[in-house]
Amino acid sequence: MSHHLPTIHSKIDPYVRLASLLGPDVAVIVDGGANKGRTTARFLDLFPKASVFAFEPIPRLARKLVKRFAGESRVEVRALALGSQAAALTLNILESATCSSLLEPSGIRSKHPDKPMEVAQTVCVEVVRLDDQLASPPDIIKLDLQGFELEALKGAQALLAGVRAVLCEVSFSDLYVGQPLENEVTQWMLESGFTIDGLYNPWFDTSGAILSADALFVHV
């Protein structure tokens, strides 16, 4: 069965789009792969009533997040990775830390040929299921987990019934060993009761082929 590519929005901010779709009454947000906190800060600005659970498994970045949001009662930092099962797994921390993953890097090196992409270190991190972390569904789940997004979604199946929107990075070629591609993630989300609003922040290779994007899913 052929897969119809969702609409690509190159010039629309997906976070502004989220705000326009959901309105201001968003209470709880999950920021999976919070990194340095830029997305968490955007959520706080766009949704002034919301609390954010910021998950970040890289120890150094998690500590920086705690410091950054020390005076912000709406943010709770959890130094944990998200997956489909509770486990202790090896995190590959790349020289460019934002591209670190629980999967081994492959095509990510060609996606960012101008950046150092070797594995700088590996650490054992605690992987948790979102279903075990939250007592009730968040309004929004954002995932930027470098190929591990579908695993995290599978660990949130109980919560997803009450989630209003999911924004997650999807790939169209193998950037990490064994990662599911966009069509598999999209199909799983459709079967979970969501529709795809579109693709945002697309990343193209030198030939113009799309490599990755942020997929916005909205609960039907």
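Attention in this report is confined to the structure presented alongside it. Worth saying up front: this structure is predicted, and the values here are computed from it rather than measured. (Residues numbered from 1 in each chain as written. Predicted model: local features only at pLDDT ≥ 70, side-chain atom pairs only at ≥ 80, totals over all residues. Heavy atoms only, no water.)

## What to know about the nonpolar core
Argument step 1. Within the largest apolar cluster, 48 residues are counted, with the highest numbers of intra-cluster contacts made by Phe55, Leu130, Leu153, Leu160 and Val166.
Argument step 2. Ignoring anything within four residues of it in the chain, the contact list for leucine 153 reads Leu143, Leu160, Val166, Cys168, Val185, Trp188 and Met189.
Argument step 3. Listed in part, the 23 residues of the second largest apolar core include Ala34, Phe47, Ala165 and Leu167. (Core = buried A, V, L, I, M, F, W, Y, C linked by side-chain atoms within 4.5 Å. Buried < 20%, exposed > 50% of the residue type's maximum accessible area, 1.4 Å probe, protein only. Contact = heavy atoms within 4.5 Å.)

## Side note on the packing of helix 1 (residues 14–22) against helix 2 (residues 38–46)
Argument step 1. The interhelical angle for the contact between helix 1 and helix 2, taken along N-to-C directions, is 30°, at an axis separation of 11 Å. Put simply, helix 1 runs roughly parallel to helix 2. Between helix 1 and helix 2 lies a crossing whose hand is right-handed. Taken together, the residues of helix 2 that come into contact with helix 1 (itself represented by Tyr15, Val16, Leu18 and Ala19) are Thr39, Arg42, Phe43 and Leu46.
Argument step 2. Taken together, the residues of the contact of helix 1 with helix 2 sort by class into six nonpolar, one polar and one charged. (Axes fitted to C-alpha atoms, helices over the stretch in contact; angles between N-to-C directions. Helix = DSSP H or I, 4+ residues; strand = E, 2+ residues; numbered from the N terminus. Parallel < 35°, antiparallel > 145°, perpendicular 65-115°, else oblique. Left-handed = near helix turned anticlockwise from the far one by under 90°. Nonpolar A, V, L, I, M, F, W, Y, C, P; charged D, E, K, R; others polar.)

## Notes on the side chain of aspartate 139
Argument step 1. Looking at where aspartate 139 falls in the secondary structure, it is placed in the loop between helix 5 (130–133) and strand 8 (140–143).
Argument step 2. Residue class for aspartate 139 comes out buried when judged on its relative accessible area of 14%.

## Overview of the pairing of strand 3 (residues 51–55)
Argument step 1. Of all five residues that make up strand 3, four are buried, and the element is covered over most of its length.
Argument step 2. Remark: the strand 2 (residues 28–32)/helix 2/strand 3 crossover connection has right-handed handedness.
Argument step 3. Once you follow strand 3 into helix 3 (residues 59–68) and on to strand 4 (residues 75–78), the crossover reads as right-handed. (Right-handed = clockwise from strand over helix to strand, strands pointing away.)

## Digging into the sheet that holds strand 6 (residues 87–94)
Strand pairing in a sheet is mediated by backbone hydrogen bonds. Such pairs are either parallel or antiparallel.
Argument step 1. Spatial strand order, 5-7-6: three strands in an open sheet with mixed pairing. The outermost strands of the open sheet, each flanked by one partner alone, are strand 5 (81–82) and strand 6.
Argument step 2. Bridging between strand 5 and strand 7 (residues 119–128) involves two bridges; their strand directions are parallel. Counted as the bridge partner of leucine 82 is valine 128 from strand 7. (Pairing = 2+ DSSP bridges.)

## Overview of the sheet that holds strand 11 (residues 210–219)
Argument step 1. The sheet built from eight strands is open, its strands ordered 1-10-11-9-8-2-3-4 with mixed pairing. Edge positions in the sheet fall to strand 1 (8–9) and strand 4, since each has one partner strand and no second.

## Details of the layout of surface pockets
Argument step 1. Approximately 1,000 Å³ is the volume found for the largest pocket.
Argument step 2. Forming the walls of the largest pocket are 43 residues, and the residues nearest its centre are Arg38, Thr98, Asp144, Gln146 and Glu169.
Argument step 3. Elements supplying a minimum of two residues to the lining of the largest pocket: helix 1, helix 2, strand 5, helix 4 (108–111), strand 8, strand 9 (165–171), strand 10 (194–204) and strand 11.
Argument step 4. A breakdown of the residues in the lining of the largest pocket according to their chemical character gives 21 nonpolar, 11 polar and 11 charged. (1 Å grid on protein atoms, 1.4 Å probe; cavity = no way out; pocket = protein on both sides within 12 Å on 5 of 7 lines; lining within 4 Å. Points joined across faces, edges and corners; volume = space filled by probe spheres on them.)

## As for the pattern of salt bridges
Argument step 1. A complete count under the given rule lists 11 salt bridges for this structure.
Argument step 2. A salt bridge links glutamate 72 to arginine 74; the shortest N-O distance between them is 3.4 Å.
Argument step 3. Glutamate 169 serves as the salt-bridge partner of lysine 111, at 4.0 Å between the closest nitrogen and oxygen. Of the two residues, lysine 111 is situated in helix 4 and glutamate 169 in strand 9; the sequence distance between them amounts to 58 residues. In this structure, lysine 111 and glutamate 169 share a single accessibility class: buried. (Salt bridge = Lys/Arg side-chain N within 4 Å of Asp/Glu carboxyl O.)

## Some remarks on the packing of aromatic side chains
Argument step 1. Summed over the entire model, instances satisfying the criterion amount to two aromatic pairs.
Argument step 2. Taking the centre distance of 5.4 Å and the plane angle of 75° together, the rings of tyrosine 15 and phenylalanine 43 count as edge-to-face. Residue tyrosine 15 is found in helix 1, and its partner phenylalanine 43 is found in helix 2; the two are separated by 28 residues along the sequence. Just as tyrosine 15 is buried, phenylalanine 43 falls in that class too.
Argument step 3. Measuring from centroid to centroid gives 6.3 Å for phenylalanine 43 and phenylalanine 47, while their planes differ by 40°, and the two rings are tilted. Phenylalanine 47 matches phenylalanine 43 in its accessibility class, with the two residues each being buried.
Argument step 4. An aromatic cluster is defined as three or more aromatic residues linked by ring pairs; in this entry it consists of Tyr15, Phe43 and Phe47.
Argument step 5. One cation-aromatic arrangement involves lysine 111 over tryptophan 203; the distance from NZ or CZ to the ring centre is 5.0 Å. (Phe/Tyr/Trp six-rings, centres within 6.5 Å; stacked < 30°, edge-to-face > 60°. Lys NZ or Arg CZ within 6 Å of the ring centre and 35° of its normal.)

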